[in-house]
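Structure at a glance
The primary structure of each chain is shown beneath.
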Amino acid sequence: MKKTKLLFVLLGSLILCTACDGDVTRDIRHDGYSYGDQFSCKYFFPKDKDDTSYLKVKYFTGSNIIDENGKIYELSLGQKYSNNENCKVGDNNITVAAIMDNSIIKGKDNKYYYLLGDNNNAMYSEITTSNDNYTIYDLLLKPDDILKVISGNSDNNNQSYYVLKKNGNVYNYTITKADRDTPPVITNTTIFYSQGDFGGQIIDFNYAGDSTSTYVKTNNKIYRMYVTNSENCTKYADVSCIYKIKEDETLNEYKDRIIAYDGSTLITDYHRLFTIS
């Protein structure tokens, strides 16, 4: 009798949890996201609802996760690695202090590295002064209060960059380089996203212009870019879409269920990937 009762309790709990996950899935899909693959990475998931010892994600780039301690993990969102997981610890001794364009990192040793490899540069290799862009990286990433940089538009000799500082604001830097023999200089700095406009200190962001990939993340809320006139701008050829960044009520409702988010992909605590449609 006791075994039967215990079995019913366990089944009831399982059904309840499944229903909870189903509610989250339904609402996230209604928010514009597509249901994706399972994601396995033991480092970032709680063992149960009371577990707080798991690692927290600081930056999620789609190809990497950087945890709050600055450690790098490589990701494969589709096929698993030989450890039977979708992540593995990066083979390096770098502790990340800042990141630029999801591909360049500054270590706490004040050196710059390639986060992603290419035909000419190995993953995690150091960027030296011989690199044509070294002066730009050094100008933007050298200060200790810089957390993240996203490249913006260029205009003649001017290049725009969006810079998140430790004070919780995102700035728009204009860097001017007159010619190849002249060092680049910061010629203008303005606040682009103020923490005062988002109800708290900004801890992560992406700026991709009028795109749903543009987002702002504070300690307790996520804001992202929306099309405010989607019905008309998708229906009529002569109606332009109007974009506005605003609070994502669905993601904020389930913020404790979201392990990682980068504007286009999110991972829930029940190991499910979702991508923006």
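For the structure given in this document, a descriptive report is provided here. Computed from a predicted model, the values in this text were never measured in an experiment.

1. Brief notes about the environment of Phe60
Along the chain, Phe60 falls in strand β2 (residues 57-60). With residues near it in sequence (within four places) discarded, Phe60 still touches Ile65, Leu75, Ala260, Tyr261, Asp262, Thr265 and Ile267.

2. A word on helix α2 (residues 134-141)
Those residues of α2 lying buried are Tyr134, Ile136, Tyr137, Leu140 and Leu141. On an axial view of α2, the arc spanned by its buried residues comes to 160°, and they lie on one face. On its buried face, α2 is in contact with β6 (96-100), β7 (104-107), β8 (112-114), β9 (146-155), β10 (158-165) and β11 (170-176).

3. A look at the sheet that holds strand β14 (residues 215-218)
Reading across from one edge, β13-β14-β15-β16 is the order of the 4 strands in this open sheet, with antiparallel pairing throughout. With partners counted over all chains shown, the strands left at the sheet margins are β13 (202-206) and β16 (243-247), one partner each. Neighbour to neighbour, the strand axes of the sheet diverge by 20° on average, direction disregarded.

4. Let's talk about the side chain of Asp248
Within the secondary structure, Asp248 is located in the loop between β16 and α4 (249-253). By relative accessible area, Asp248 is classed as buried at 0%. Within the structure, the side chain of Asp248 is placed 3.2 Å from the backbone nitrogen of Thr250, a separation counted as a polar contact. For Asp248, the residues in contact, after removing those within four places along its chain, are Asp31, Ile222, Tyr223, Arg224 and Tyr226.

5. Things to note about the packing of aromatic side chains
Scanning the entire structure with this criterion turns up 13 aromatic pairs. Both rings, one in Tyr43 and one in Tyr73, keep their centres 5.2 Å apart while their planes meet at 45°; by these two values the pair is tilted. Placement of Tyr43 in the loop between β1 (33-38) and β2 and of Tyr73 in strand β4 (residues 72-75) is noted, with a sequence separation of 30 residues between them. Its guanidinium or amino end placed over the ring of Tyr54, Lys56 lies 4.3 Å from that ring's centre, counting from NZ or CZ. Over the ring of Tyr226 we find Lys246; its NZ or CZ atom is 5.0 Å from the centre of that ring.

6. Side note on the pattern of salt bridges
Counted according to the given criterion, the structure contains 10 salt bridges. In this structure, Asp248 engages Arg224 in a salt bridge whose closest nitrogen and oxygen atoms are separated by 2.5 Å. Placement of Asp248 in the loop between β16 and α4 and of Arg224 in strand β15 (residues 222-227) is noted, with a sequence separation of 24 residues between them. Side by side, Asp248 and Arg224 carry an identical accessibility label, which is buried. Between Arg257 and Asp269 there is a salt bridge; the shortest N-O distance is 2.8 Å. With Arg257 in the loop between α4 and β17 (258-261) and Asp269 in the loop between β18 (265-268) and β19 (272-276), this residue pair connects regions lying 12 residues apart in the sequence. Its relative accessible area of 22% is what places Asp269 among the partly exposed residues. Here the residues in one salt-bridge network are Asp21, Arg257 and Asp269, joined through shared partners.

7. Concerning the state of the cysteines
Under the counting rule described, the total for this entry stands at 2 disulfides. The disulfide partner of Cys233 is Cys241, and the gap between their sulfur atoms is 2.1 Å. Its torsion about the S-S bond being 80°, the disulfide of Cys233 and Cys241 is classed as right-handed. Judged by its relative accessible area of 31%, Cys241 falls in the partly exposed class. Along the chain, the cysteines that take part in disulfide bonds pair up as 1-2, 3-4, counted in sequence order.

The rules behind each value
Residues numbered from 1 in each chain as written. Predicted model: local features only at pLDDT ≥ 70, side-chain atom pairs only at ≥ 80, totals over all residues. Heavy atoms only, no water. Helix = DSSP H or I, 4+ residues; strand = E, 2+ residues; numbered from the N terminus. Contact = heavy atoms within 4.5 Å. Buried < 20%, exposed > 50% of the residue type's maximum accessible area, 1.4 Å probe, protein only. Arc of directions from axis to C-beta. Pairing = 2+ DSSP bridges. Axes fitted to C-alpha atoms, helices over the stretch in contact; angles between N-to-C directions. Polar contact = N/O pair within 3.5 Å; in protein donor to acceptor, adjacent residues only side chain to side chain. Phe/Tyr/Trp six-rings, centres within 6.5 Å; stacked < 30°, edge-to-face > 60°. Lys NZ or Arg CZ within 6 Å of the ring centre and 35° of its normal. Salt bridge = Lys/Arg side-chain N within 4 Å of Asp/Glu carboxyl O. Disulfide = S-S within 2.5 Å.

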